[in-house]
Amino acid sequence: MNRFDSYFSYVQNVLQCEGVKISDLAREYGTPLYVYSERGFKERYRELDSALSGIDHLICYSIKTNFNLAVVRLMGSLGSGADVVSGGELFRALKVGIAPEKIVFAGVGKTGEEIEYAIDSGILMFNCESFQEIEAIEQISAAKGKKTGIAIRVNPDVDAETHHYITTGKKENKFGITIQQLMEFLPRLKDLRNVVFRGIHGHIGSQITSFEPYLKTADKFIALIGELKR
């Protein structure tokens, strides 16, 4: 039995979710109907959390994967933070009670209004895609008299060995900043007074079927972080 079968299964030819007949749910709520396994969310989160035990960590649920408020609220109740890519997603995370200091704002298309909203909300940090974005956050933060946390998205130039349309970590993918560009930007970063450099952000693609690309990325980032500390 695979994990999916433990949440959704056929019993006497009737599809059920955690012992509840889907046909009964369809009659009560109508169709089309989306049905999720609460136990599935809980078990996957706790599996990740347990794997990181002993390490200072924060798991952030990516709201763009499913922004249903009940799902977001459930993840928050488990201790999860939120990864958002728009002002609307930030609003949803705050609405269900996720603490702003556990929210990370990622994405390539942040508007000035969204940046202001996030700064005013007191989020943990922005994942920045470009130096221009860092400059914009610096200017808005300075105007508000605040200091804002940022992480910088670095393109590690690692082949995720997935479909070429969904790989994001190779230098030709135009996502993030190269390691060389980051090192060249460091003197300017040190001069900024209203952003706090908190970390490195990386993303190499989706539907990755082996550990190797992740290990290569980790090796590159560990070396980079050591160099940045020096």
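Each remark here, short or long, concerns the structure printed above.
Model, not experiment: these values are computed from the prediction. Counting from 1, residues in each chain are numbered in the order their sequence is written. It should be noted that, the model being predicted, local features are given only for residues of pLDDT at least 70 and side-chain atom pairs only at 80 or more, the latter also being counted only at that level, while totals for whole chains, interfaces and linings use all residues. Hydrogens and waters are ignored; side-chain quantities use all the structure's heavy atoms.

Visitor: I keep staring at the overall build of the protein and nothing clicks. Help me out?
Guide: Scanning the protein from N- to C-terminus turns up nine helices and nine strands. Overall, the C-alpha framework of the protein stretches about 65 × 40 × 35 Å when taken along its three principal axes. Remark: exposure states derive from per-residue accessible area (1.4 Å probe, protein chains only) relative to the maximum for the residue type, with buried under 20%, exposed over 50%, and partly exposed in between. Counting all 230 residues of the protein, 37% fall into the buried class. Contacts are residue-level and defined by heavy atoms, with any inter-residue pair within 4.5 Å sufficient. Residue pairs in contact within the protein that sit at least 24 positions apart in sequence constitute 51% of those at least 6 positions apart. For accessible areas, the Shrake-Rupley method is used with a probe of radius 1.4 Å. Any residue's cover is judged against the shown protein chains and nothing else. Approximately 13800 Å² of the protein is accessible, and the part contributed by carbon and sulfur atoms is 53%. Secondary structure counts use DSSP, requiring at least four H or I residues in a row for a helix and at least two E residues in a row for a strand, with both numbered from the N terminus.

Visitor: I tried to follow the sheet that holds strand S1 (residues 8–11) on my own but got confused; where do I start?
Guide: The pairing of strands in a sheet comes from backbone hydrogen bonds and takes either a parallel or an antiparallel form. When DSSP finds two or more bridges between two strands, those strands count as paired. An order of S1-S2-S3 is seen for the three strands of this open sheet, with the pairing classed as antiparallel. The sheet is open, and its two edges are formed by S1 and strand S3 (20–21), each paired on a single side. Across two bridges, strand S2 (residues 14–17) lies against S3 in antiparallel orientation. Directly across from Gln 16, in S3, lies its bridge partner Lys 21.

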